[in-house]
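Architecture at a glance
For reference, the chains in residue letters:
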Amino acid sequence: MREITFERKNIRVLVGKTAEECAEFAAAFVTAQMAGQKAFKLGLATGSTPVLLYRELIKKNQAGEIDFSGVNTYNLDEYYPIDPKDAQSFREFMEENLFRHVNLPPENIHIPCGNAPDGKEEAKRYEKELCDIGGVDLQVLGIGSDGHVGFNEPDSIFPYETHTTALTEQTIRDNSRFFESEDQVPRNAITMGCGAIMRAKKCILIATGKNKAQAIHDAILADPAPSCQASVLQFHQDTVFVLDEDAASLL
Ligand code: PGA
């Protein structure tokens, strides 16, 4: 991995040649953070990008190199409304790509409930849970091509608390690849706000592909602004960006 250095010491940028190299680095990073910790709090993300990381974590768990038995996981977001058992829900995505394959106790999984009767109440409940733990030890993040983190979409503010939100046209288009058609993409979501993300002791944001290059540029080099929600990480105490050459191409 090649490191790009900036004056801002809180942000580290590591660039790998391929998405696979990035995933291997990220898996080693997560493993190192978890090593020797009995009650680790791990923030997780969905999307195509972390799938390779999760595959590496599964391999490490099966090889006995990483133990999830005392870990609690906290996912960033969930569509709303959606049945958690629906194949397209983030809950099911996590089951498929990580949870089912590692020794993580099911009761240690935390994610907004997509079919709670009242989305706003569910957001409040999740926010309380996140406040009570006082911040995860490590938050895994992706980034949208519009700069979103979680479902914090371009806005005039950095939303602080967990909240319900309408997906932007761009995100609906981007996520339609997981559905049979664009019409089937849920229009709303429950997402951690920037407050819970900023309380994480460390963040690792992974981005690969040319379609992320502008968002990565704006997140790291532009003045922080809620039009690129990921730029809030410029104020975070300890964030590492793991990028492939394409995502890093505008830095
Ligand atoms: P992606 O999504 O990994 O599927 O590109 C990232 C995100 O929306 O955060």
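Residues numbered from 1 in each chain as written. Predicted model: local features only at pLDDT ≥ 70, side-chain atom pairs only at ≥ 80, totals over all residues. Heavy atoms only, no water.

1. A look at the layout of surface pockets
Here is the rule: Here a cavity means grid points, on a 1 Å grid over the protein atoms only, where a 1.4 Å probe fits yet cannot get out; a pocket means an open set of points with protein on both sides within 12 Å along at least five of seven lines; lining residues are those with an atom within 4 Å of a point. Grid points are joined across faces, edges and corners, and a volume is the space filled by probe spheres set on the points. Numbered from the N terminus, helices here are DSSP runs of H or I no shorter than four residues, and strands are runs of E no shorter than two. Only Asp, Glu, Lys and Arg are considered charged in this grouping, and only Ala, Val, Leu, Ile, Met, Phe, Trp, Tyr, Cys and Pro are considered nonpolar; every other residue, Gly among them, is considered polar.
In this structure, the largest pocket encloses a volume near 550 Å³. What lines the largest pocket is a set of 29 residues, among which Thr-46, Gly-47, Ser-48, Asn-175 and Arg-177 lie closest to the centre. Secondary-structure elements contributing two or more residues to the lining of the largest pocket are helix 2 (49-62), strand 5 (77-80), helix 3 (90-97) and helix 5 (169-175). Taken together, the residues that form the lining of the largest pocket break down as 11 nonpolar, 14 polar and 4 charged. Every residue along the wall of the second largest pocket is listed here: Thr-31, Met-34, Ala-35, Gly-36, Gln-37, Lys-38, Glu-65, Ile-66, Asp-67, Ser-69, Gly-70 and Val-71. Across the lining of the second largest pocket, the residue classes break down as 4 nonpolar, 5 polar and 3 charged.

2. A short note on the site of the ligand
Here is the rule: If even one non-hydrogen atom of a residue comes within 4 Å of a molecule or strand, that residue is called near it. By the criterion applied in these results, polar contacts are pairs of N or O atoms within 3.5 Å in which, for protein atoms, one can donate a hydrogen and the other can accept it, and in which residues neighboring in sequence qualify only through two side-chain atoms. In these tables, accessible area is a Shrake-Rupley quantity obtained with a 1.4 Å probe, and a residue counts as shielded only by the protein chains included in the view.
For the ligand, the full set of nearby residues is Gly-47, Ser-48, Thr-49, Gly-142, Ile-143, Gly-144, His-148, Arg-177 and Lys-212. In this structure, an oxygen atom belonging to the ligand sits 2.7 Å away from a side-chain N or O atom of Arg-177. Its free accessible area being 280 Å², the ligand has 83% of it covered by the protein chains. Class assignment of the residues belonging to the shell around the ligand gives a composition of 1 nonpolar, 6 polar and 2 charged.

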